[in-house]
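Structural overview
Residue strings, one per chain:
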Amino acid sequence: MAAPVAANWKPLTRDQMAARVAQDIPEGWYVNLGIGLPTLIANHVPLDREVIFHSENGVLGMGPAPAKDKVDPWLINAGKQHVTLRPGGSYCHHADSFAMIRGGHIDLCVLGAFQVAENGDIANWATSENDTAPAVGGAMDLAAGAKRLWVLMEHTTKTGESKLVRKCTYPLTAPGVVKRVYTNLAVLDVTPAGFAVIEMVPGITFDELQALTDAPLHRASAARAA
Amino acid sequence: MINKFVRTMAEAMEGIQDGSTVLIGGFGSVGQPNALIDGLIEQGAKDLTVVANNPGVGRVGLARLLDLGRVRKIICSFPRSSDPIVFETLYREGRIELEIVPQGTMAERMRAAGAGIPAFYTPTGVGTKLAEGKEIREFNGRPYVMETAIQGDVALIEAWEADRWGNLTYRASGRNFNPIMAMAGKLTIVQTQHVVELGQLDPEKIVTPGIFVDRVLHVPYGDPMIS
């Protein structure tokens, strides 16, 4: 990140960020991971913890990427990457796949975002009002339909602007839906009072984190919210 | 004897009118009715509205149909691809109309058409610019946006297996939009990788019952490209 990095702390790598989210996903959840950074989360859920990954294009029970010589050309995920199917996995058509999402059957969706606001608004599909052909894909369905929405993103943009904002300036994907945000600096819950910091990277102070964040931060109680 | 198989592409495409709404199955390169798209290019219908998840890749298939100026409007969720050059050029030049629809809403709008439902309410898109100008109604304290059904004059489908009644199976993620588009098309045209005898498909495994299918062409197209 471009913000001045103090000697006392360093931001998580992308893999560390993904691993941090993976820690909080319990066995038995049905989970949809957004394209990009969230996709890495699956690599950090041990195979003996049965978490069932869903992909919008009709795959439930998705497994890891295949070896190069074991690719099934008929099996891709929503990011158009080749994947595998775990024993117990199934296929369905797009309307059933989105019924899983829109009908509130998916326990968790983790999306990337451009901005998350302190009231839980998410903007992750268009970078300006003037972008007349932005690609929404399944983001609005997931944001409005999943039982819980977490966001995994860098704390700031490449130029150092906070992605945790008072109010989104980019077009919304859905209002008031984000429950938790994992960044490369902190884990924050979205509460009625705004962002509550429940964890920070080692060495960073609350004030240092606040200085890098547009939205006002609150200290969460020591007890971790579920 | 019912026989939905046709022998030639010309028979498969017969009667598609200018101004038609054409639903095109496929997600990524998997389950795309590539041969039928080429058949439609050859057939010549123009002023089309196309419903497909993406607006095509490179200059082949759907992108070629666009490039030839045959498509007035595209309805899709993701106006991007690995190479969206044709769509982006046409769009920038104002030569194609675009309707962006959340992917699940797009699927449901076609499923609704196939099930005789003219419109439905969904929370997807509420509070965003994709709901602007649409009816919002509250149920149990939550706002929902009304979305209308999308009926196709024509649906182009790729199946894995088909019999002469038009019963279909699909392969893995090749299923995607195909079964719902088959329901939503007034004229549903299928290209199938394999032909099987009537009675050979396990009734428990048929995904699209033949009632939703009008014409089937045997096209052993082979595996989708691995990019």
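Here's what I pulled together on the structure shown here. The written sequence of each chain sets the order in which its residues are numbered from 1. Each chain gets a letter, beginning with A, and each ligand a number, beginning with 1, in the order they are written. Per-residue local features of the predicted model are confined to residues with pLDDT of at least 70, and side-chain atom pairs are confined, for both listing and counting, to 80 or more; whole-chain, interface and lining totals are unaffected and use all residues. The basis for every side-chain value is the complete set of non-hydrogen atoms in the structure, without hydrogens or water.

Some words on the overall build of chain A
Numbering goes from the N terminus for both helices and strands, where a helix is a DSSP run of H or I of at least four residues and a strand is a run of E of at least two. On a plain count of helices and strands, chain A comes out with four helices and 13 strands. By residue count, 54% of the 226 residues in chain A fall in the buried class. Note on definitions: a residue-residue contact is assigned when non-hydrogen atoms from the two residues lie within 4.5 Å. Sequence separation of 24 or more characterises 63% of the internal contacts of chain A that already satisfy a separation of 6 or more. As displayed, chain A has an accessible area near 9700 Å², and 54% of this comes from carbon and sulfur atoms. Counted as positive: Lys and Arg. Counted as negative: Asp and Glu. His and the chain ends are not counted at all. Charge positions are represented by NZ for Lys, CZ for Arg, CG for Asp and CD for Glu. Counting 19 positive and 22 negative side-chain charges, chain A places the averaged centre of each group 2 Å from the other. Under the scheme applied here, a residue whose accessible area is under 20% of the maximum for its type counts as buried, over 50% as exposed, and between as partly exposed, the area being computed with a 1.4 Å probe on protein chains only. In short, Shrake-Rupley with a 1.4 Å probe defines the accessible areas, and a residue's cover is counted only from the protein chains shown.

A closer look at the overall build of chain B
Across its full length, chain B holds six helices and eleven strands. Based on C-alpha atoms, the radius of gyration is set beside the globule rule, defined as 2.2 Å times the residue count to the power 0.38. For 227 residues, the compact-globule estimate of 2.2 N^0.38 gives 17 Å, and chain B sits close to it at 18 Å. Dimensions of chain B, computed from C-alpha atoms along their principal axes, come out at roughly 50 × 45 × 35 Å. Sorting the 227 residues of chain B into buried and exposed places 55% on the buried side. When contacts within chain B are restricted to residue pairs at least 6 apart in sequence, long-range pairs at least 24 apart make up 74% of them. Put simply, chain B shows about 9900 Å² of open surface, and 49% of that area lies on carbon and sulfur atoms.

Some points on the interface of chain B and chain A
Opposite the 47 residues of chain B that make contact, chain A presents 39 residues. In total, about 3400 Å² of surface goes out of reach between chain B and chain A, with carbon and sulfur atoms giving 64% of it. When a carboxyl oxygen of Asp or Glu lies within 4 Å of a side-chain nitrogen of Lys or Arg, that pair is called a salt bridge. Inspection of the region where chain B meets chain A yields zero salt bridges. N or O atoms closer than or at 3.5 Å make up a polar contact, with two conditions inside protein: a donor-capable atom paired with an acceptor-capable one, and, for residues adjacent in sequence, both atoms drawn from side chains. Linking chain B with chain A are 16 residue pairs in polar contact (both at pLDDT 80 or more). Per element, the largest residue contribution to the side of chain B that touches chain A is six residues, and it comes from helix α5 (residues 103-114) of chain B. Two parts placed together each lose some accessible area; with a 1.4 Å probe, that loss summed over both constitutes the buried area.

Some words on the state of the cysteines
Residue and element names in this part refer to chain A. Criterion for a disulfide: a pair of cysteine sulfur atoms at a distance within 2.5 Å. One pass over the full model with this rule turns up zero disulfides over all chains. This cysteine, Cys92, is not joined by any disulfide, and Cys109 carries the nearest cysteine sulfur, 16 Å off. The class of Cys92 is buried, set by a relative accessible area of 10%.

What about the pattern of salt bridges?
Under the counting rule described, the total for this entry stands at 19 salt bridges over all chains. Residue Arg20(A) is joined to Asp24(A) by a salt bridge in which the shortest nitrogen-to-oxygen separation is 2.9 Å. Classification of Arg20(A) by relative accessible area gives buried; the value is 8%. Here Asp141(A) and Arg102(A) are joined by a salt bridge, their closest N and O atoms 2.6 Å apart. Of the two residues, Asp141(A) is situated in helix α3 (residues 139-145) and Arg102(A) in helix α2 (residues 94-102); the sequence distance between them amounts to 39 residues. This pair shows no difference in class: Asp141(A) is buried, exactly as Arg102(A) is. Taken together, the shared-partner salt bridges connect Asp47(B), Arg72(B), Lys73(B), Glu97(B), Glu99(B) and Arg109(B) into one network.

Overview of the sheet that holds strand β8 (residues 149-152) of chain A
Residues and elements named next belong to chain A. Strand pairing is defined by DSSP finding a minimum of two bridges between the two strands. Reading across the sheet, the ten strands line up as β4-β3-β2-β1-β5-β8-β10-β11-β12-β13 and stay open at both edges, with mixed pairing between neighbours. At either margin of the open sheet sits one strand with a lone partner, and together these are β4 (84-91) and β13 (217-219). Ignoring strand direction, the axes of neighbouring strands in this sheet form an average angle of 30 degrees. Two elements, β8 and strand β10 (residues 178-182), share four bridges in a ladder whose sense is parallel. Across the sheet, the residue bridging to Leu152 is Tyr182, located in β10. Contacts from helix α1 (residues 14-23) reach β5 (108-111), β8, β10, β11 (186-191) and β12 (194-200), with the element oriented near 160 degrees to β8. Axes here refer to lines fitted to C-alpha atoms; in helices the fit is confined to the stretch in contact. Angles between the N-to-C directions go from 0 to 180 degrees. Those strands touched by α2 are β1 (30-33), β2 (52-55) and β3 (59-63), and its axis lies near 120 degrees from that of β2.

Some details on unusual backbone geometry
Positioned with a positive phi, Lys80(A) is a non-glycine residue whose angle comes to about 70 degrees. Along the chain, Lys80(A) turns up in the loop between β3 and β4. Located in the positive-phi region is Asn140(B), a residue other than glycine, with phi close to 50 degrees. Tracing the backbone shows Asn140(B) in the loop between β6 (136-139) and β7 (142-148).

A short note on the side chain of Asn54(B)
For Asn54(B), the position within the fold is in the loop between β2 (48-51) and α3 (62-67). For Asn54(B), a relative accessible area of 14% puts it in the buried group. Polar contacts involving the side chain of Asn54(B) include one to the main-chain carbonyl oxygen of Phe78(B), which spans 3.4 Å. Sequence-distant contacts of Asn54(B), that is, excluding residues within four places in its chain, are made with Lys80(A), Gly28(B), Leu62(B), Ile74(B), Cys76(B), Phe78(B) and Arg80(B).

Details of the packing of aromatic side chains
Residues and elements named next belong to chain A. We call Phe, Tyr and Trp rings a pair once their centres come within 6.5 Å, taking the six-membered ring for Trp, and we label the pair stacked below 30 degrees between planes, edge-to-face above 60, and tilted otherwise. Taken as a whole, this structure holds seven aromatic pairs over all chains when the rule is applied. Each member of the aromatic cluster is reached from another via a ring pair, and the members are Trp29, Trp150 and Tyr182. Its guanidinium or amino end placed over the ring of Trp150, Arg180 lies 5.3 Å from that ring's centre, counting from NZ or CZ. We call a charge positioned over a ring when the NZ of a Lys or the CZ of an Arg lies within 6 Å of the ring centre and within 35 degrees of the ring normal.

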